[in-house]
Number of protein chains: 2
Amino acid sequence: MNQPELDEHDRAGYALALEEALLGAAEGGVPIGSSLFEGGTRLGSGHNRRVQNGDPTSHGEIDCLRNVGRRASYAGTTLYSTLAPCALCSGAIILFGIPRVVVGENRNFDGELDLLRDRGVEVVLIDDAEATAIMGQFIAENPSLWNEDIGVDEGD
Amino acid sequence: MNQPELDEHDRAGYALALEEALLGAAEGGVPIGSSLFEGGTRLGSGHNRRVQNGDPTSHGEIDCLRNVGRRASYAGTTLYSTLAPCALCSGAIILFGIPRVVVGENRNFDGELDLLRDRGVEVVLIDDAEATAIMGQFIAENPSLWNEDIGVDEGD
């Protein structure tokens, strides 16, 4: 893992996101995990449950924020995700004012990193080989399910 | 209602979104409703359940898309919402390629209508007085809950 900007809390946060991704894979789901920390305090975590719950909005970051529950403020928090956040998850980050996002990789999906940066979110991209391998294998084995998850209409 | 661009399906779709908003109000929740139609076919509907479910991601449009369930394509669909979609809900619309959004009002919250238009989504704003009144009353009576729902940190 290329992680020059990560401190010990970041390592714990990202490790939990990766653990969630592996849990999603074991359940037969889309293997994307996420966690939310405030410094060293773990606020919650989650993973993509499109398949498990039949819910297209249950992306990893959304499931994480749902598990964290209601908050009056996200000041000082960092969201960890194994994959670059899509428009849905980036929208949640922007809406709730999450100031910092640590992203495992953007090789398999580029997401909306520019939109996040444009809106003032600090994006730390760590180019993690393990997350890249897990996601790459999933996409190779489940191309239609992956397209469904990111809104690529195969009928177009 | 100022609705020059609405056809009969739009009127049915918007009426359902408004019904969902009123249901949310009756439950003590944030009164924003949404529905998804494909022409005259009702695909599903929902309303904000932040309070009811303790879930910050359950905005009206997200709850609607969750209730609709998994789809391989959103081509030809229209999403109806009583209020201008926020960054989270606009992100969902962009990700899933929903081509058209009918918005009740943007007087109480301007949302991300420009982002939607920039990404090629057709936005029809109908400036509905009933939706405006319901939302205006809710915000006046529940300012902190409303700030929480749109990510305005009162500690800032």
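Residues numbered from 1 in each chain as written. Chains lettered and ligands numbered in written order. Predicted model: local features only at pLDDT ≥ 70, side-chain atom pairs only at ≥ 80, totals over all residues. Heavy atoms only, no water.

Chain A has the name Cytosine deaminase in an unreviewed UniProt entry, where Paeniglutamicibacter kerguelensis is given as its organism.

**Student:** Give a description of the confidence of the model for chain A that names residues and reports values.
**Tutor:** Reading fine detail from the predicted coordinates is not recommended where pLDDT is low. Averaged over every residue, the pLDDT of chain A is 96; residues scoring 70 or more account for 97%. Across the interface, the model reports ipTM at 0.96; the global pTM reads 0.97. (pLDDT = per-residue confidence, 0-100.)

**Student:** Break down the sheet that holds strand β1 (residues 33-38) of chain B for me, citing the residues and quoting the values.
**Tutor:** All names here are of chain B. Ordered by their spatial adjacency, five strands build an open sheet running β2-β1-β3-β4-β5, and the pairing between neighbours is mixed. Every interior strand has two partners, whereas the edge strands, β2 (41-47) and β5 (122-125), have only one. Strand after strand, the sheet turns through a mean of 15° between neighbouring axes, direction not considered. Of the strand pairs in this sheet, β1 and strand β3 (residues 77-83) are connected by five bridges, and their pairing is antiparallel. For serine 35, the partnering residue across the bridge sits in β3 and is tyrosine 80. (Pairing = 2+ DSSP bridges. Helix = DSSP H or I, 4+ residues; strand = E, 2+ residues; numbered from the N terminus. Axes fitted to C-alpha atoms, helices over the stretch in contact; angles between N-to-C directions.)

**Student:** Can you tell me about the pairing of β2 of chain B, naming the residues and giving the values?
**Tutor:** All names here are of chain B. Sheet analysis places β1 next to β2, joined by six bridges and oriented antiparallel. Note that in β2 the partner of glutamate 38 across the bridge is threonine 41. With antiparallel pairing between neighbouring strands as the criterion, β1 and β2 make up a hairpin whose turn holds two residues, including glycine 39 at a positive phi of roughly 60°.

**Student:** Report on the relation of the copies chain A and chain B, specifying residues and quantitative values.
**Tutor:** In the superposition of chain A on chain B (RMSD 0.0 Å, axial shift 0.0 Å), the rotation amounts to 180°. Expressed as an axis order, the relation between the two copies is that of a two-fold axis. Rotation axis and chain A: the residue whose C-alpha lies nearest the axis is glycine 91 of chain A, separated from it by 2.5 Å. Both copies present the same face, since 100% of the interface residues in chain A are matched by interface residues at the equivalent positions in chain B. (Least-squares fit on C-alpha atoms with pLDDT ≥ 70 in both. Contact = heavy atoms within 4.5 Å.)

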